[in-house]
Amino acid sequence: MGRRKIPMEMVKDGNTRQVTFSKRRNGVFKKADELSTLCGVDVAVMVFSPGGRPYSYGSPSVDAVFDRYLGPDTSSNPRVRVNVNANGRKATKRVAAKQVKLENSQAYLTSLEEELQAEKLRGEVLRDKFKETREKNKFKDVKDLGMDELNEFKGKLEALREMINGKIMEMEASSTLMMLSKGKSPIEVEGSKNKRKK
């Protein structure tokens, strides 16, 4: 029984596909090695398994060949040729898209770092201003106040509460006057409020 021709289409079964990949990957790497040895050329081959795992072969090394091909800085080198088939072009586009995404992420990270630094500076300025205001007005921390100072502070807080209560009463009175001017009695409004609460 001789070899039979295998149709060139994707292997459906996952396990068979993995075995086929492993055998053919080794065959491709062997052919690349033979090409390098017979012709004295630098060769690099990179493949990804069906599971997404990368494999590579290079003579003298993959990095050396890629560095030679791409040059020190490909962004400023217009003579870099991309000589690939249609699948390679798709891969190149994916790599370019990932590169753009990476650059965008790096730019976003840089902007966040700048915001963080600005907020730290703002925090330091506010802390300094607070300290300066505290010293200027001779404010003390509540923990550092004596009994007389605490009683005085309590009196000021009670006066503030009275002032706020007075403002609340003024607002309620003006609200009542507005309702009366619109023809509604405050009792009706209070009754509707109580109905809503239930």
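Residues numbered from 1 in each chain as written. Predicted model: local features only at pLDDT ≥ 70, side-chain atom pairs only at ≥ 80, totals over all residues. Heavy atoms only, no water.

**Focus: the overall build of the chain**
Filter applied, for reference: Comment: elements are numbered from the N terminus, with helices defined as DSSP H or I runs of at least four residues and strands as E runs of at least two. Only protein chains enter the accessibility calculation, which uses a 1.4 Å probe; a residue is then buried when its area is under 20% of its type maximum, exposed when over 50%, and partly exposed in between. Shrake-Rupley sampling with a 1.4 Å probe provides the accessible areas, and residues are treated as covered by the protein chains on show and by no other component.
Along the chain, the regular secondary structure elements total five helices and two strands. Taking all 198 residues of the chain together, the buried fraction comes to 9%. When the accessible surface of the chain is split by element, carbon and sulfur atoms take 57% of a total near 18,100 Å².

**Some details on the environment of threonine 176**
To keep it simple, the criterion reads: Definition of a polar contact: a pair of N or O atoms within 3.5 Å, with one able to donate and the other able to accept a hydrogen when the atoms are protein atoms, and with sequence-neighbouring residues admitted only if both atoms are side-chain atoms.
As for its position among the elements, threonine 176 is in helix α4 (residues 147–181). Within the structure, threonine 176 has its side chain in polar contact with the backbone oxygen of glutamate 172 (distance 2.8 Å).

**A word on the nonpolar core**
Most often, soluble globular proteins keep nonpolar side chains buried together rather than apart. So the rule is basically this: By nonpolar core is meant a set of buried Ala, Val, Leu, Ile, Met, Phe, Trp, Tyr and Cys residues that side-chain atoms within 4.5 Å join together. Between two residues, a contact is recorded if the distance between any of their heavy atoms is within 4.5 Å.
By size, the foremost hydrophobic cluster in this structure holds five residues: Phe29, Ala32, Val43, Val45 and Tyr57. Among the secondary structure elements, those contributing two or more residues to this core are α1 (14–39) and β1 (43–48). When near neighbours in sequence (up to four residues on either side) are disregarded, tyrosine 57 contacts Phe29, Ala32, Asp33, Val43, Ala44, Val45 and Val62.

**Some remarks on the pairing of strand β2 (residues 54–59)**
So the rule is basically this: Only strands joined by at least two bridges in the DSSP assignment are considered to pair.
As judged from the six bridges shared by β1 and β2, these two strands associate in the antiparallel manner. Of the residues in β2, the one forming a bridge with methionine 46 is serine 56. The antiparallel hairpin formed by β1 and β2 contains five residues in its connecting segment, where glycine 52 sits at a positive phi of about 95°.

**Examining the packing of aromatic side chains**
Inclusion rule: Two aromatic rings, drawn from Phe, Tyr or Trp (for Trp, its six-membered ring), form a pair once their centres lie within 6.5 Å of each other, and the interplanar angle then sorts them: stacked below 30 degrees, edge-to-face above 60, tilted otherwise. Look at NZ for Lys and CZ for Arg. If either is within 6 Å of the ring centre and within 35 degrees of the ring normal, a charge sits over the ring.
A full pass over the atoms with the stated rule returns two aromatic pairs. Sitting over the ring of tyrosine 55, arginine 25 keeps its end group 4.0 Å from the ring centre.

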